Structure formats: structure tokens, C-alpha cells
Amino acid sequence: TVLFAEIGQETVAGTILIYSDDTVYYFMNASLSGYLNYCPNDLLLHTAMTIGIERKAGFVDLMTSRESDRELIRFKEKWGSGQADFSILEKDICIFKAAVWNFAWKMANTQLGTSLIRAFKKA
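Quick summary incoming for the structure in this document. In this text, all values refer to a predicted model and were calculated from it rather than measured experimentally.

## Notes on the pattern of salt bridges
- Applying the stated criterion to the full structure yields one salt bridge.
- With its nearest N and O atoms 2.9 Å apart, the salt bridge here joins K78 to D42. Placement of K78 in the loop between helix 2 (70-77) and helix 3 (95-108) and of D42 in helix 1 (residues 40-54) is noted, with a sequence separation of 36 residues between them.
- Looking at K78, the relative accessible area reads 54%, which means it is exposed.

The following block contains the structure:
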């Protein structure tokens, strides 16, 4: 499920939810920093939790955060999240595709990437 928070005609935040039998995964979220005082991410997370209740899911997984992103970690902690250690196993089957994906992922997490995604959405 893709959810958007809007103020007037402007989309100010969005999230992607993925489901398993007992979990709602708050997979990816993005927001315009100029609108954070309206708490659009809180609205989206509350909606994710409501969907989880409706689906009778036992968990809402807020996914991982970079250790250096203290602001995001604080946001998740205020909703009752906890920290857990985990391991990632990656296997690059095609080095070129993996490199393109890693580049796209890093670009999407920049101001330029956010602008490109916004422009693509409007197109």
C-alpha cells in the first residue's frame, strides 16, 4: 500500500506499507522537511497502525535506521519501537545491476533524489 499525506493540494509525505501474515512493514517513508511541524509522518504511521489493527496483525515493523540518524530513531522510539541487532546477507548475482541499485538507493536519499522523485510523480 502507498499512502500520502497532503496539505491542500500538495503532497507533503508518503510511505510504503508491505504486509505479511502477522506484520505491517513501514517499509519506506519520505516527507518534505518544510512541513514536519504538521507531523505528516505521525499521521502516516498512525494510519499504518490502524491498518495493522484492521488486518489483525500482531506487529508494525518500523524497519531499520542508520545508527547516525538520531532524529529518525527518536521518531520511532516515541511510537514505542525498540532496537534489535540484525545481520544482512547480500549476494550480488549481477554486479552491474547491484551497482545501479546501490547508486539509485543512495541518490533517492539525497535532496536531489527527492526532487527527482517529486518531479517524476507529477509527470
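## Things to note about the nonpolar core
- Residues L3, A5, L17, Y26, L44, L45 and A48 are the most contacted members of the largest nonpolar core, which totals 13 residues.
- Of all the secondary-structure elements, those providing two or more residues to this core are strand 1 (2-7), strand 2 (10-19), strand 3 (23-31) and helix 1.
- With four residues, helix 1 is the largest single contributor of residues to this core.
- With residues near it in sequence (within four places) discarded, L44 still touches L3, F4, A5, A13, G14, T15, Y26 and N29.

## Some remarks on the packing of aromatic side chains
- Counted under the stated rule, the structure contains two aromatic pairs.
- Seen from the ring of Y19, R55 lies directly overhead, with NZ or CZ sitting 3.9 Å from the centre.

Reading guide: rules and limits
- Residues numbered from 1 in each chain as written.
- Predicted model: local features only at pLDDT ≥ 70, side-chain atom pairs only at ≥ 80, totals over all residues.
- Heavy atoms only, no water.
- Salt bridge = Lys/Arg side-chain N within 4 Å of Asp/Glu carboxyl O.
- Helix = DSSP H or I, 4+ residues; strand = E, 2+ residues; numbered from the N terminus.
- Buried < 20%, exposed > 50% of the residue type's maximum accessible area, 1.4 Å probe, protein only.
- Core = buried A, V, L, I, M, F, W, Y, C linked by side-chain atoms within 4.5 Å.
- Contact = heavy atoms within 4.5 Å.
- Phe/Tyr/Trp six-rings, centres within 6.5 Å; stacked < 30°, edge-to-face > 60°.
- Lys NZ or Arg CZ within 6 Å of the ring centre and 35° of its normal.

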